[in-house]
Amino acid sequence: MADACILGIESSCDETAAAVVRSGERLLSNVVFSQIATHQPYGGVVPELASREHLRAIVPVVRRALQDAGQSYQSIDAIAVTQGPGLAGALLVGISYAKALAFALEKPLITVNHLEGHIHAVLLEERQKAIAVSGNSADGSEFEVNFPLLALVVSGGHTHLFLAQQRESGWVYENIGRTRDDAAGEAYDKVAKLLGLGYPGGPIIDALARHGNARAVYFGPVQIKHNNRGVPKDRQTPYDFSFSGIKTAVLRYVEVEGMRSSIAARQQALAGIAGPRAEDVLPLCDQKVLDLIASFQRAVVEDLVAKTLAAASEREARTLFITGGVAANSELRKAFEIQGAKAGVPVFFPSRKLSTDNAAMIAAAAYPKYLAGDFAPPEFSAEASLALR
Ligand code: KG4
Ligand code: ZN
C-alpha cells in the first residue's frame, strides 16, 4: 500500500489543531491549541470568539505540526481537513486555509467528517501499538478489526452510536442512536457551570467525583428519560439518549437543598484563579456537592454503558470503540472495561490526548480516502450538520 504523509487540520469547535500522520498508523506530530482560556469566562464556547481564535492560531499551529514531524510544506503528500459537523464559522477557517495551502502546493485535499475522525483516532493508536509490538512497519494489518464494529462517539457536541461495516469502498456507517437534546459532554459542562465548578466541566467533574458518594442522590430513568412510551414498535429508537432532564434534576436538587449560597461563594473564589484545576476546586466543595457530582456522573455513565452494550448485543457487534472528549472519563473507561469483558466484546479507547479534539484523527481518517483517490472538489464548503454514512 502506498506510503503517505498526511497533514490534518481541525477547527470545528474550540481547538485549533494540526498533525502529521503517516499512512494512518504513525503519529509524527500532534499540535493542539486549546481556546479554553478564551471561553472560560462564559462557561461555554462562544462561536464568534472561536472563529477569531482559529484565525490567529492556524498558521503557527500548522507550521509547528510540520516542524515537529520533521516535514515541510513540500514534503507532505496530502492535506486533510474537517468539513463538519461543527460551528460553521470555525470550520470555515480550517477549510479556507487548507484549500489555499492545497492550491498553492498543488497537493490533493481530502475532507473528513469530524465524527469519523474520532473513530479513526482509536484505529490509529491500535495500529501504532501493534507496530510497536511487532517491531515492523507493515501496512497496519496487524490490528484486525472484527466487523460489525459499534462506535460510541461521545463529546461536547455529540452522543452518537454508529454501527460500522467494511465495504470495498471503505467503512460505511449506520447511525443507530443519538441524543435527542444535549450531548453527554454538554451535560457535564452545564452541570459544572450550574454548580460553579468552572469550564470545561468534564475533567473537573471526573476528578471531583472520586471524592463523593455516587449513590447519595438518585437519578433514575425519569431524568435520563428518552423512552418509547406510546411509540409504535417499528418506530422505536431504543438507543437514543437524552441528557437535558438530568441537568434540570440537578438544578432542582440545588434549589431544594439550599445550595445556592455555597455555589456563589465557590464561583467568587474561583473568579480569582486563572484556569482553575480540580485541585483548586476541591477545597471549595463540601461533601453534599461532591456526592451530587458523583451521583450525576454515575447516572450518565450507567446510561451510556447500558445503551451501548444493549445495542452491541442486539446488532451482534464484534468490536466496540468508545471515543470523543467524554471517552477520557475515568469512570466511563472503567465501566466499559468491566461490562465489555462480561459481555465478551473487546473495547478500545483512544489515549486521553486523542479522545478530545485533535487533527491526528483527521489525518488518519483521510488515509483510506487518499488510497481511493477520493479528493475534495474545489467548491466544497463547511457543513455544520454533516451526517456520517
Ligand atoms: O471531543 P471534544 O474535545 O469536542 C467535541 O467534539 O465536542 O469533547 C469535549 C467535551 C467537553 O464537553 C468536555 O467537558 C468533555 O468532552 N470531557 C470530559 C472529560 N474530558 C473532556 N467529560 C467527562 N470526563 C472527562 N474526563
Ligand atoms: Zn470532537
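That block above? That's the structure.
> So what exactly am I meant to see when it comes to the site of ligand 1 here?
In the vicinity of ligand 1, 21 residues are found, and the nearest of them are Gly156, Asp189, Asp206, Asn329 and Asp357. Here His118 contributes a side-chain N or O atom positioned 3.4 Å from an oxygen atom of ligand 1. Ser155 has a polar side-chain atom sitting 3.2 Å from an oxygen atom of ligand 1. About the coverage of ligand 1: the protein hides 91% of its 560 Å² of free accessible area. Of all the secondary-structure elements, those providing two or more residues to the shell around ligand 1 are α4 (114-134), α5 (184-194) and α6 (201-209). It is α6 that contributes the most residues to the shell around ligand 1, 4 residues altogether. Across the shell around ligand 1, the residue classes break down as 5 nonpolar, 12 polar and 4 charged.

> Before we go on, may I ask you to explain the pattern of salt bridges in this structure?
Between side chains of opposite charge, a pair can form when the charged atoms approach closely. A complete count under the given rule lists 20 salt bridges for this structure. For Glu116, the salt bridge goes to Lys369, with nearest N and O atoms at 3.6 Å. Taken together, the residues Glu116 in helix α4 and Lys369 in helix α13 (residues 360-372) connect sequence positions 253 residues apart. Across the pair, exposure class does not vary: Glu116 and Lys369 are buried alike. Measuring nitrogen to oxygen at the nearest pair gives 3.2 Å for the salt bridge that ties Asp182 to Lys247.

> What should I look at first to understand the pairing of strand β9 (residues 319-323) in this one?
Consecutive side chains of a regular strand alternate in pointing toward one face of the sheet and then the other. Extensive coverage of β9 is indicated by the burial of 5 of its 5 residues. Alternating residues of β9 divide into Thr319, Phe321 and Thr323 and Leu320 and Ile322, and every residue in both groups is buried. For strand β6 (residues 149-154) and β9, the ladder comprises 5 bridges, and the chain directions are parallel. Of the residues in β9, the one forming a bridge with Leu152 is Ile322. Sheet analysis places β9 next to strand β10 (residues 347-348), joined by 2 bridges and oriented parallel.

Reading guide: rules and limits
Residues numbered from 1 in each chain as written. Chains lettered and ligands numbered in written order. Predicted model: local features only at pLDDT ≥ 70, side-chain atom pairs only at ≥ 80, totals over all residues. Heavy atoms only, no water. Near = heavy atom within 4 Å. Polar contact = N/O pair within 3.5 Å; in protein donor to acceptor, adjacent residues only side chain to side chain. Areas by Shrake-Rupley, 256 points an atom, 1.4 Å probe, with all protein chains shown as cover. Helix = DSSP H or I, 4+ residues; strand = E, 2+ residues; numbered from the N terminus. Nonpolar A, V, L, I, M, F, W, Y, C, P; charged D, E, K, R; others polar. Salt bridge = Lys/Arg side-chain N within 4 Å of Asp/Glu carboxyl O. Buried < 20%, exposed > 50% of the residue type's maximum accessible area, 1.4 Å probe, protein only. Pairing = 2+ DSSP bridges.

All we've got here are geometric facts, nothing functional implied.
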